[in-house]
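Summary of the model geometry
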There are 6 protein chains.
Amino acid sequence: MVGGGDPFFQPVSAMDLPRFAGVPTFMRLPHLTPDHDRYGDVQMGLVGVPWDGGTTNRAGARHGPRQLRDYSSMIRAMNAATGVNPFASVNCADLGDVPPNPIDIQDSLNRIAEFYTDLKNNGIVPMTAGGDHLSSLPILRALASDGPVGLIQFDSHTDLFDSYFGGNKFTHGTPFRRAIEEGLVDPKRFVQIGIRGTAYNIEDVEWGIEQGVRIIRIEELLDRGIPDVMREARQILGNQPTYCTYDIDFVDPTYAPGTGTPEIGGPTSFQAQQVIRELAGLNLIGADLVEVSPPFDQGGGTAWLGISLMFELMCVLSQALVARG
Amino acid sequence: MVGGGDPFFQPVSAMDLPRFAGVPTFMRLPHLTPDHDRYGDVQMGLVGVPWDGGTTNRAGARHGPRQLRDYSSMIRAMNAATGVNPFASVNCADLGDVPPNPIDIQDSLNRIAEFYTDLKNNGIVPMTAGGDHLSSLPILRALASDGPVGLIQFDSHTDLFDSYFGGNKFTHGTPFRRAIEEGLVDPKRFVQIGIRGTAYNIEDVEWGIEQGVRIIRIEELLDRGIPDVMREARQILGNQPTYCTYDIDFVDPTYAPGTGTPEIGGPTSFQAQQVIRELAGLNLIGADLVEVSPPFDQGGGTAWLGISLMFELMCVLSQALVARG
Amino acid sequence: MVGGGDPFFQPVSAMDLPRFAGVPTFMRLPHLTPDHDRYGDVQMGLVGVPWDGGTTNRAGARHGPRQLRDYSSMIRAMNAATGVNPFASVNCADLGDVPPNPIDIQDSLNRIAEFYTDLKNNGIVPMTAGGDHLSSLPILRALASDGPVGLIQFDSHTDLFDSYFGGNKFTHGTPFRRAIEEGLVDPKRFVQIGIRGTAYNIEDVEWGIEQGVRIIRIEELLDRGIPDVMREARQILGNQPTYCTYDIDFVDPTYAPGTGTPEIGGPTSFQAQQVIRELAGLNLIGADLVEVSPPFDQGGGTAWLGISLMFELMCVLSQALVARG
Amino acid sequence: MVGGGDPFFQPVSAMDLPRFAGVPTFMRLPHLTPDHDRYGDVQMGLVGVPWDGGTTNRAGARHGPRQLRDYSSMIRAMNAATGVNPFASVNCADLGDVPPNPIDIQDSLNRIAEFYTDLKNNGIVPMTAGGDHLSSLPILRALASDGPVGLIQFDSHTDLFDSYFGGNKFTHGTPFRRAIEEGLVDPKRFVQIGIRGTAYNIEDVEWGIEQGVRIIRIEELLDRGIPDVMREARQILGNQPTYCTYDIDFVDPTYAPGTGTPEIGGPTSFQAQQVIRELAGLNLIGADLVEVSPPFDQGGGTAWLGISLMFELMCVLSQALVARG
Amino acid sequence: MVGGGDPFFQPVSAMDLPRFAGVPTFMRLPHLTPDHDRYGDVQMGLVGVPWDGGTTNRAGARHGPRQLRDYSSMIRAMNAATGVNPFASVNCADLGDVPPNPIDIQDSLNRIAEFYTDLKNNGIVPMTAGGDHLSSLPILRALASDGPVGLIQFDSHTDLFDSYFGGNKFTHGTPFRRAIEEGLVDPKRFVQIGIRGTAYNIEDVEWGIEQGVRIIRIEELLDRGIPDVMREARQILGNQPTYCTYDIDFVDPTYAPGTGTPEIGGPTSFQAQQVIRELAGLNLIGADLVEVSPPFDQGGGTAWLGISLMFELMCVLSQALVARG
Amino acid sequence: MVGGGDPFFQPVSAMDLPRFAGVPTFMRLPHLTPDHDRYGDVQMGLVGVPWDGGTTNRAGARHGPRQLRDYSSMIRAMNAATGVNPFASVNCADLGDVPPNPIDIQDSLNRIAEFYTDLKNNGIVPMTAGGDHLSSLPILRALASDGPVGLIQFDSHTDLFDSYFGGNKFTHGTPFRRAIEEGLVDPKRFVQIGIRGTAYNIEDVEWGIEQGVRIIRIEELLDRGIPDVMREARQILGNQPTYCTYDIDFVDPTYAPGTGTPEIGGPTSFQAQQVIRELAGLNLIGADLVEVSPPFDQGGGTAWLGISLMFELMCVLSQALVARG
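Along every chain, residues carry numbers that run from 1 in the direction the sequence is written. Labels are handed out in written order, letters beginning with A for the chains and numbers beginning with 1 for the ligands. Local features in this predicted model are restricted to residues of pLDDT 70 or higher, and side-chain atom pairs are both shown and tallied only at a pLDDT of 80 or more, whereas totals for entire chains, interfaces and linings draw on every residue. Where side-chain values are given, they derive from all heavy atoms of the structure, hydrogens and water being excluded.

Keep this limit in mind: UniProt positions are given in the numbering used here, feature names are shortened, and annotations may be inferred rather than shown by experiment.
Looking at an unreviewed UniProt entry, one finds chain A named Guanidinobutyrase, with Falsiruegeria litorea R37 as its source organism. UniProt's Sequence similarities (unreviewed entry) comment on chain A is quoted here verbatim: "Belongs to the arginase family. Agmatinase subfamily."

Here it is, written out as structure tokens:
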């Protein structure tokens, strides 16, 4: 059952404490650990995955959750464009960061999967702040333990490569190949939007298409327009449980310089919001916003964009929660 | 009577002094104080209001006029898009900064109102570089001393809130509520364009609508297009005296990161210019460009955008001056 | 009675959670509010005062506590130079930020004084992260409610001016004049170290000397050497209760660019540590580290220096707590 | 005859050496000097012109080639949007930088012309990274030694002025006036796209139109759309040899802050790519990407955009090479 | 005759206008051009030379005067360390910038020499903000028109090279070779302090020593100490007219990153002040502070250091003016 | 036998190509791979190790070699302080970067060891640019394959810890524990200088002392002075083969902000040079300069300091090479 407006789970108001003040939790929400007596009432959990162990080029996404929390102080409670106030209908809380092992990939994958398995067992819908894109794999291992889920991915890269640098199977360029292979994602209910950039080859795209993944390049997105493309995406994804993964490099790097593998020619911040608002109505079971890399974001604009998009994701997640009742 | 081309009031040419050289006055214009013997010939006065006493979150707009003057060296004399050369038809001068009191809001409000009352008494049309948005209130107190004026506001926030943090009535979130209450602005001739961002609540919007303010959100602006929306705005504003206030946070924060309260999903710089060019024909009695905050503008791009927009405002202001004869 | 090594009050170890992870409390300590059941066991409280209402030039110190918390993740538990581990002998906790009113100076002064009065009533020794230097005044109002205390001030300015800009008595240039006038500080037990920079006049210095304040300029400090000067300071301060206020602008602005009123020709970071270590043995009742202004600290170096010095202050504060038993 | 896929001329793969590693040549290609035994097999030469001797305002383009090489490590081999892999059909190499004389303009013009004359004599098509826009003049002197060529220019300025500051004929505002006067460019086959910004006067535009240059302002480009405008451009340029010069200030300065003379209101990065892709089919004999100025590009975004556009230019250049057989 | 305290020539007080406000002239002094009726009363003229035409590596010093003026707002009237208030005894004014020709070295040298000849003819002692070090040559041509002067140079380079890059005689590495050859500087009364850094060869040093120049490397300065070295310098310079040239790269590049040719291992800011204070008693006829290059000074610290040192130079210059009566 | 002055192995002169031009190899030296016909003549090889796989906190040192090469253009040929010109007596070349595996620590360790074994087999003395400090372990595995060597380490951390985060033995905090355990370093001929910073515990120090390592904290270094401490170090190290490892975090973080684990209170750049010059006379067989992390070095100052120190290391290495004959 979905709650609503529990005072304990409301963000601290700027009328009580200015936005630049206070210990920065996500969205100024209470920070809970599993031993807290209100933990059982959490419905949506905001979680950081401060890890970039899968990064093959420019690292730094390990610092993402910290900076996203910092900028989240400037988010207010209500989405004035859509009328949704996630805090009014769902109990949200900051559940802290998963403790990764910065020098051991497999150990980190296990730690993350374990953390999200606990969330799932507690009925908490996860809203994740990455971390590099490999983070999505262990999250899916936890959430899709009962069977493959649908996946909607906003990204400039497919992340469908097989391996890297001598056969390494676990990098931020391979998570969704693994996810399909492991039966975590149903490739027939998998849509990728925004793909672009120079390429080593098109092995990733060919493999994806073979599996049934619908890959929509940026040219198609901008040519057909967001409403039309998203209508198709919703049809593919249907009513079944669907996860949303949002790589900040989907957005043009002028808007989101703070990321490891930027590709020019991407959407604006307005379009970046629009695609999320078009997810309304999907049966979302979780979402992540990944690849925000503060060392490459001198002015903080990527973090501000990222947390603003994370708020949009929270809005559609909360709608799905309410819809499931 | 409007002049034209007085050599004294021309910007220093880059052919005489390179753009990076010289004491940086606004647009390389002469810097006059009231005791100067040409003061009486000034028709448009460029004024800085280096003040952010009304800022509730991230301060810094006090440094705006300084940085805008610096970047104004790169502005040349003619608007090649519209054919307007404001310096050829109107005597423009840099009238310096209003001296605010950085630690006393009411004292500052009085100092600003007094400065602009003097301008009005001298028949000088003010083009202001803020400062935070509370600066517009004392300017309106001076300009609207004879009765309410029309107002066209470009902004991502309504600034129509009632109070802040324990009932404080004078912040950069409240100036236009005060202006309506004080009879400075006719709410029936008040248009707001670009509103967006997360919200505490919609009390501001509801109050505004009740008064008759026309509030146009960003979605409507981008959906209908600028020409159509601006046509409506001009109809609402009519031929009566109208003031224009332009908050730099109207523009997307990727284009204008140097501001205290950015909201993603805004217009581009091209659109930011377009809306001003669509003001041609209005009976403008003054304008301001506010909320440029250099400490959050590491690369200086916001200042460059801001001063470029201020030049566009000067062009339509000079057209109005010429039209009034 | 002083505790020691309570596991609840230990910083989160980097062996459990990497330094870049987690919600950033001061020194990775537990974040407690008065309603927490362990609140009564806190002996040293780390408190932020995110306020720069007294700043007459470049604002930004309101953002200081946020950034200091962020960088505090890199502090480990033990002072290898002095052998002190404050967490091993004293229960330390992050008590959050005082909620200031960013647009009302008197209201803010009252809120701060009230917060620290509560701390004093609970027997908690405060270690404060400012905020501008006016923050020290309400802290002293709380701590010196029973009678004047001694004061050791590291600073490049005396902050002993009478008023500013039309007679305003409460700015970050005047707190210690007020503190002496209000009987909060015993001027005979007041030492200022590091004074330098250009001056409006020497009215502040003359007034201070008249009251009995010992003012040690930077030239004297560097000429005599830190051990000799600090020996004199300890003699002046004696065994009576003493407060320490440390303005980050004491340090050379190359080391500490992130501050509003920098003055060149200051000490190095090593010397900045040394002067604190020489406070060992004093009867310290609290300390603050003020004027860290993140908007002027692009690389974060000032915050790192500031929190490193705050750790040194915690070490000597904890020694004083242990000495008092 | 055009080759294809010579292993010697392939970029180093990220599978062998990570992108952040290695001595940064353009596109990770081999760096050859004329004495190398494979020099004779080069078909497209990537050349830097580290020179800003013609810059009248903000210098720094001398550092452009260095930073563009650095960011070129992130370019992969294939243009996934158009399917072109320039390295698969044409032998490409980094031929180093022309040695300019930073304090002698005429000496530098001669050195550059000489360098490109050698390239032409060796049948190497040049892809240049500037340098300021005056660099294009000596390149054209070399390439158009047999008669005037067509020119397609993306820019926010016409660079058609006559002289500067006391009659100096050689600045980055005058190269194409000189090129027409010297018979290097056929003004009837000269298209300029993207012109905007404030103007000293319109003498440049008027002179250009008189010669027959087709000048397309930004408003026309955005109003008609890129495909339509580029269709006209291709008709004007026809099948004859055509050079392409791309000033990074064509792009909006939010996307390309790192340049000396930015003008707001320009195209996005997607549009910046589109115009190049529309050059397919032209008989291109060389191209340059100029005015990238690293000192004004703190985050490196301009370099990343610039090198991404340079890759697009390489794609259409390689297509032209293949078409010529 | 030296004046004193003329109200017209006092800096604007921060009690009247906050430091961040107003058109930024040097030290908030009146900005005068030769046609002003108080021009004849100026005794010390602050002049900018926004020119880097002699720079062989990283340009940017052309922007120095602009940024130095900006930061000069934070300088107050009195040197608290030495008790000197230059504004109290000498009429100081900002005389604007020399208009250089950014693309013609010889024209610029002539323009500068002419500007300073006018100053000399008006009996105005020049305090210059550069510009690169070649700026000192035309200044010396003006000031030493009657015969060679003494020279005290703080620098990490000798600037005594003969030529550069194909025999160019006029670069920022050669001014003092030219000055000796032209009879502007008496090599027997020429002291260089702070020399360091890697070297092409030692031809410059050998030539200098042959002429009689006293070259003091950084190792000698730090080993003997500033008082001892400066005592020797004063003995060499004697009572005859002496010019002081201060290259900001004398100071360690951590303190002064904003310069084109930094050399590590230099003095601190305190030492940078000390050497100037030790000039007291010399018969100074002018001074310059050169090579501040804002594009390499992201945080502004070099400008703040530079203007602080320029104030120290004004103090000793004013003492010399008073001493001459 | 040591060569001298081979023209092939000289840096490109700034008289031929300005310092900002050209493909940036280390020190503008020729870039050779083993297949080059002059490879056999190389005596000192400059090598990059672009790897930070052992970094437990803030990554980024993988980008070190790239940025160090960039800044090395500003190094000239001769050490004017010591009179050493390494290029005049030893054949130096840039041997490129070791290709690390960014997502596999053991694979990377093997690749590095293999690369350096090849160097050793070719009689090439390695001068390495890191990379994090774990890079030194595989280098020592190669160089000390015949028996333990002496080690002089400049650092703020001992890097003698046993393990991290669940028993991981290979991080940048453990290399020298491993090196002693593996018999690569003779602990009796191992000196550490500059140790400071907060500590988890003192297990590292205690273990080191037990083995016989001489650990000199920063307080001792600054108290006794560099000459005295270095005399002791040279006595401990004696005439036997000695390796030098220099962590940039030895230097104060104001001078070297671009590093992952900064500790305040360190030496100046002058002192950072001095300690290297005091290595003259040691039997050095190689050196590294590690932990330069460009993402945390916005202004580039750390790279400039780092490459300047690397040049100093080259000087003493070349002296050792000459001494060995």
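Still more to cover.
1. Points about the UniProt feature "binding site: Mn(2+)" (unreviewed entry) in chain A
Formally: Per the convention used, a helix needs a DSSP run of H or I reaching at least four residues, while a strand needs a run of E reaching at least two, with both numbered from the N terminus. The rule is simple: take the accessible area with a 1.4 Å probe, protein chains only, and divide by the maximum for that residue type; under 20% is buried, over 50% is exposed, in between is partly exposed. The contact criterion used is simple: two residues touch if any of their non-hydrogen atoms lie within 4.5 Å.
In this numbering, the UniProt entry assigns the feature "binding site: Mn(2+)" (unreviewed entry) to His133, Asp155, His157, Asp159, Asp247 and Asp249 of chain A. Taken together, the annotated residues stretch across 117 residues yet fold into one region, lying no more than 12.0 Å apart by C-alpha. In this fold, His133 of chain A is placed in the loop between strand S4 (125-130) and helix H4 (136-143). Look at His133 of chain A and you get buried, because its relative accessible area is 0%. Take His157 of chain A: it is sitting in the loop between strand S5 (149-154) and helix H5 (175-181). With residues near it in sequence (within four places) discarded, His157 of chain A still touches Ile195, Asp249, Thr261 and Glu263 of chain A together with Arg76 of chain D.

2. Focus on the sheet that holds strand S1 (residues 44-49) of chain C
Adjacent strands of a sheet form backbone hydrogen bonds with each other and so pair up, either parallel or antiparallel. All names here are of chain C. We count it as follows: Being paired, for any two strands, means DSSP has found at least two bridges between them. Lines fitted to the C-alpha atoms define the axes, with helices restricted to the stretch that makes contact. Angles between their N-to-C directions range from 0 to 180 degrees.
Reading across from one edge, S3-S1-S4-S10-S9-S5-S6-S8 is the order of the eight strands in this open sheet, with parallel pairing throughout. On the outer flanks of this sheet lie strand S3 (92-97) and strand S8 (214-217), each paired with one strand and no other. Across the sheet, the axes of successive neighbouring strands diverge by a mean angle of 15 degrees, strand direction being ignored. As defined by bridge partners, strand S5 (residues 149-154) adjoins strand S9 (residues 242-247) across five bridges and the pair is classed as parallel. Of the residues in S9, the one forming a bridge with Phe154 is Tyr246. Contacts from helix H3 (residues 105-121) reach S1, S3 and strand S4 (125-130), with the element oriented near 175 degrees to S1.

3. Comments concerning the interface of chain E and chain F
Rules: By buried area we mean the combined loss of accessible area, with a 1.4 Å probe, across both parts when two parts are placed together. Take a side-chain nitrogen of Lys or Arg and a carboxyl oxygen of Asp or Glu: if they are within 4 Å of each other, that pair is a salt bridge.
In this assembly, 28 residues from chain E lie in contact with 28 residues from chain F. Of all residues in chain E, Thr198, Tyr200 and Ile264 of chain E give up the largest surface area on contact with chain F, accounting jointly for 30% of the area buried on that side. Across the chain E-chain F interface, the total number found is two salt bridges. Salt-bridge contacts for Glu263 of chain E lead to Arg76 of chain F; the nearest nitrogen and oxygen are separated by 3.0 Å.

4. Focus: the interface of chain B and chain E
Where we set the bar: As used in this structure description, the phrase polar contact means that two N or O atoms lie within 3.5 Å; if the pair is within protein, one of them must be able to donate a hydrogen and the other to accept it, and residues adjacent in sequence are counted only when both atoms belong to side chains.
With 24 residues of chain B in contact, the opposing surface of chain E contributes 24 residues. Taking both sides of the interface into account, the surface hidden between chain B and chain E amounts to around 2000 Å²; carbon and sulfur atoms contribute 64%. Among the residues chain B hides against chain E, the three largest losses belong to Phe20, Val23 and Arg66 of chain B. Together they make up 43% of the total. Where chain B touches chain E, the interface holds two salt bridges. In this structure, Arg66 of chain B engages Asp70 of chain E in a salt bridge whose closest nitrogen and oxygen atoms are separated by 2.6 Å. Taken together, the connections running from chain B to chain E amount to 12 residue pairs in polar contact (both at pLDDT 80 or more). Counting residues per element, the ones that place at least two in the side of chain B that touches chain E are helix H1 (64-72) and strand S3 (92-97) of chain B. The biggest single contributor to the side of chain B that touches chain E is H1 of chain B, with three residues.

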